[in-house]
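# Close look at the chain arrangement
Residue strings, one per chain:
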Amino acid sequence: MPELPEVETTLQGISPHIKKQRVNKVIIRQPKLRWPIPADLPQLIEQQILTSLSRRAKYLLLHFNTGTLLIHLGMSGSIRIIAAGTVAAKHDHFELEFTHQKSIRLTDPRRFGAVLWLGKEPYQHPLLSKLGPEPLSTSLTGDYLYQKSKDKKVSIKQFIMNQVIVTGIGNIYCAEALFLAGISPTRAAGNISLKRYQILVAQIKKTLDLAIAQGGTSLRDFVGSDGKPGYFKQELSVYGRTGLPCKQCNKALTEIKQAQRTTVYCTHCQT
DNA sequence: ATAATCACCTGCTCGC
DNA sequence: TGCGAGCAGGTGATTA
């Protein structure tokens with residue numbers, strides 16, 4: 001999926017088109033996503049004004065006076081702005097049509113995404129209440145990660161991808177940030193110095209910032225809200241580059257599995 | 001509590 | 001060229 005940069009890119013892409021607009025129609029073509037799309041959603045938000053939009057972790061939040069709608073893109077989801085009434089394709093599962101004749105349309109082949117109604121206290125919802133700090137906020141610091149990692153035996157890769165520790169970082173950007181920080185993905189989280197955590201945090205922020213500026217990473221199906229792909233792919237140092245030369249030392253990059261996920265790294269530059 | 005594995009779903013790529 | 005295995009940006013649920 002869509003990690004934080006792709007979700008943020010989506011948010012920035014759709015906001016100017018639909019903020020403060022009135023929902024005319026809720027269209028549910030395929031309710032079977034990760035959880036069923038609530039059947040009563042039309043009566044909850046039709047004719048309501050979308051007052052604001054935000055992002056928390058990898059979740060998009062659409063705020064109405066009646067409550068908040070959560071959208072998650074799963075592994076293969078994307079949202080596009082289209083003219084209302086545009087013919088739907090196979091995996092176009094959900095759509096919000098606004099009165100000014102624009103729609104946002106959720107396309108998600110694998111259906112790991114979600115559309116949920118959170119009500120008036122969205123941050124009390126179980127999906128949001130346990131999340132760690134936003135990586136681009138000042139609350140993510142090297143010191144914070146260092147304190148959290150005490151006595152932790154899990155690998156740094158899994159530690160950073162745990163949304164309870166820090167949100168928004170998935171398989172691509174975790175691998176990239178670890179490479180830039182020179183930290184082996186297999187190292188135990190509790191066996192990393194404060195100084196190295198400070199470097200890692202700086203590289204995480206730098207990587208995410210750059211990816212957002214590039215419109216995210218498009219591998220196969222991700223597109224921005226305007227239908228164009230993201231261009232961060234060309235910046236990738238390790239993700240998807242197994243066997244290719246390390247950009248720092250030229251040694252062939254190594255691929256391993258960690259918690260069922262592929263990790264690519266340089267055994268020479270990352271220790 | 002913590003850690004590892006499973007499950008959800010479709011489509012594409014790779015190796016034979 | 002065809003076909004099955006394996007893999008893909010995530011994460012809650014289940015098991016140990």
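Everything that follows concerns the structure shown earlier in this document.
Keep in mind that this is a model prediction, so the values were computed, not measured.

### Looking at the overall build of chain A
- The number of helices and strands found in chain A is seven helices and 10 strands.
- For 271 residues, the compact-globule estimate of 2.2 N^0.38 gives 18 Å, and chain A sits close to it at 20 Å.
- Seen along its three principal axes, the alpha-carbon backbone of chain A occupies a region of about 55 × 35 × 30 Å.
- A total of 271 residues make up chain A; the buried ones form 52% of that total.

### A look at the packing of helix α1 (residues 4-18) against helix α7 (residues 194-213)
- At a closest axis distance of 9 Å, the pairing of α1 and α7 adopts a crossing angle of 40°. Compared by their axis directions, α1 and α7 come out oblique. Considering the relative orientation of α1 and α7, their crossing is right-handed. Contacts from Leu4, Pro5, Glu8, Thr9 and Gln12 of α1 reach α7 at Leu208, Ala211 and Ile212.
- For the contact of α1 with α7, the residue count by class is five nonpolar, two polar and one charged.

### Structural notes on the nonpolar core
- Membership of the largest hydrophobic core comes to 27 residues, with the highest contact counts inside it found for Leu41, Leu62, Leu69, Phe94, Leu96, Ile104 and Val115.
- Leave out the neighbours within four places in its chain, and phenylalanine 94 touches Val26, Ile27, Ile28, Ile37, Leu41, Leu69, Ile104, Arg105, Leu106 and Val115.
- Core analysis: the second largest hydrophobic core is formed by 26 residues, Leu140, Leu145, Ile165 and Leu236 among them.

### Brief notes about the pairing of strand β10 (residues 261-265)
- Here strand β9 (residues 254-258) runs beside β10; their pairing, made up of five bridges, is antiparallel. Counted as the bridge partner of glutamate 255 is valine 264 from β10.
- The hairpin turn running from β9 into β10, its antiparallel successor, is two residues long, and alanine 259 in that turn takes a positive phi close to 50°.

### Some points on α7
- In this model α7 runs 29 Å from its N-terminal to its C-terminal C-alpha over 20 residues, within 8% of the 28 Å that 1.5 Å per residue would give.
- Tucked into the core, α7 has its buried residues touching α1, α4 (142-148), α5 (156-161) and α6 (171-181).
- Positive phi appears at glycine 215, one or two residues downstream of α7, with a value of about 85°.

Criteria and cut-off values
Within each chain, residues carry numbers counting from 1 in the order of the written sequence. Working convention: letters from A go to chains and numbers from 1 go to ligands, in the order in which they are written. Per-residue local features of the predicted model are confined to residues with pLDDT of at least 70, and side-chain atom pairs are confined, for both listing and counting, to 80 or more; whole-chain, interface and lining totals are unaffected and use all residues. Only hydrogens and water are set aside; all other atoms, that is, all heavy atoms of the structure, feed into the side-chain values. Strands are runs of DSSP state E lasting at least two residues, helices are runs of H or I lasting at least four, and both sets are numbered from the N terminus onward. We compute the radius of gyration from the C-alpha atoms alone; for a globule the expected value is 2.2 Å times N to the 0.38, where N is the number of residues. Buried residues are those whose accessible area, probed at 1.4 Å on protein chains only, stays under 20% of the maximum for their type, while exposed residues exceed 50% and partly exposed ones sit between those limits. Between N-to-C directions, angles span 0 to 180 degrees; the directions come from axes that are lines fitted to C-alpha atoms, helices contributing only their stretch in contact. Our angle categories are set so that under 35 degrees counts as roughly parallel, over 145 as roughly antiparallel, 65 to 115 as roughly perpendicular, and the remainder as oblique. Left-handed describes a crossing whose near helix is turned anticlockwise from the far helix by less than a right angle; the clockwise case is right-handed. Contacts are assigned to residue pairs that have any heavy atoms within 4.5 Å of one another. Gly is placed with the polar residues, together with every amino acid not listed as nonpolar (Ala, Val, Leu, Ile, Met, Phe, Trp, Tyr, Cys and Pro) or charged (Asp, Glu, Lys and Arg). In these notes, a set of buried Ala, Val, Leu, Ile, Met, Phe, Trp, Tyr and Cys residues joined through side-chain atoms within 4.5 Å is what counts as a nonpolar core. Here, strands pair whenever DSSP counts at least two bridges between them. Expected helix span is computed as 1.5 Å times (number of residues minus one).

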